[in-house]
Structures are given as C-alpha cells and as structure tokens.
Amino acid sequence: MTTDVTERPPVRERGATTIADRVVAKISARAAREALGGVPAGGNRPHASVVVHRDAARISISLELCYPADVGRRCGAVRARVRSRVEELVGMEVHEVSVHVERLHSARTAPAGRKGRLA
C-alpha cells in the first residue's frame, strides 16, 4: 500500500512546534557568553529573560564586563550575536535585545586570595 505524497496536507496543517521561553533564554545567554569570549574573573555568566509572542521574541540580557572595556561595542556585539543565534537556531524573529551591564570587573579588584583593603 503506497500513498501519494501530494495527498498530504500542507506542513502548517500537520502540527506545530512550540519552543519554551526558557529554551530561548538559554540559547540567548549562551550566545552572549560566546560574544564576550567568556566570563570575567570572579564574575557571573550572562543571564537572559525572554518574552515570546507568537513567532517573535524580546530578549533581555544581564551581564558583567571586564574594566576597562568599550562598553558600547561589547554590548553591540552581544546584541548582534544573540539576535543571529536565536534566529538561526530557533527560527524566531527577534524584535528587541536589551543589554544590561550589571557590574564592571577590574583586574585590580579581582579576588586574588587576599583579604582586607586594597591599596
């Protein structure tokens, strides 16, 4: 018994794929880390929160940067990388990527195992 391929209904009528917001958030956080080239010494990994409406996402990334750094350029690189990875991996349109710099880490103030006041 064979069935003709042309008798199948169109793809959109056969089912739907739903991707959870938390999956998009994990992809976004990973893409931000890739754009930064890692996490500053003593810093936390980027964190993402996502709002998905239909096939479009609004993404908010919180991250920490090394000091000194060109903050604008680094945030622009994060925005571009997050947008491209989400669109590529999830197939979702990204309307907005907000980047929030939570902290700047200086090599001078990085924990070196010493306690007390730094001169």
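These numbers come from a predicted model, not from an experiment. (Residues numbered from 1 in each chain as written. Predicted model: local features only at pLDDT ≥ 70, side-chain atom pairs only at ≥ 80, totals over all residues. Heavy atoms only, no water.)

Caption draft 1: Spotlight on the sheet that holds strand β3 (residues 93–106). Read from one edge to the other, the open sheet built from three strands follows the order β1-β2-β3, with strand pairing classed as mixed. In the strand order of this sheet, the two ends are held by β1 (47–53) and β3, each with one partner. When strand polarity is set aside, the average angle formed by the axes of neighbouring strands in this sheet is 15°. Helix α2 (residues 21–36) rests against β1 and β2 (56–67) of the sheet, and its axis sits at about 135° to β1. Strand contacts of helix α3 (residues 71–90): β2 and β3, with the helix running at about 140° to β3, the strand carrying the most contacts. (Pairing = 2+ DSSP bridges. Helix = DSSP H or I, 4+ residues; strand = E, 2+ residues; numbered from the N terminus. Axes fitted to C-alpha atoms, helices over the stretch in contact; angles between N-to-C directions. Contact = heavy atoms within 4.5 Å.)

Caption draft 2: Spotlight on the packing of α2 against α3. Two numbers describe how α2 lies on α3: the axes approach to 8 Å, and their chain directions differ by 135°. As judged from the angle between their axes, α2 and α3 are oblique. By crossing handedness, the relation of α2 to α3 is classed as right-handed. Across the interface between the two elements, Val24, Ile27, Ser28, Ala31, Ala32, Glu34, Ala35 and Leu36 from α2 touch Arg74, Ala77, Val78, Arg81, Val82, Arg85, Val86, Leu89 and Val90 from α3. Looking at the contact of α2 with α3 residue by residue, the classes come out as 12 nonpolar, one polar and four charged. (Parallel < 35°, antiparallel > 145°, perpendicular 65-115°, else oblique. Left-handed = near helix turned anticlockwise from the far one by under 90°. Nonpolar A, V, L, I, M, F, W, Y, C, P; charged D, E, K, R; others polar.)

Caption draft 3: Expanded view of unusual backbone geometry. Cis geometry marks the peptide bond from tyrosine 67 to proline 68; its omega dihedral reads 0°. Along the chain, proline 68 falls in the loop between β2 and α3. With a phi angle near 60°, arginine 54 is a residue other than glycine that sits in the positive phi range. Along the polypeptide, arginine 54 turns up in the loop between β1 and β2.

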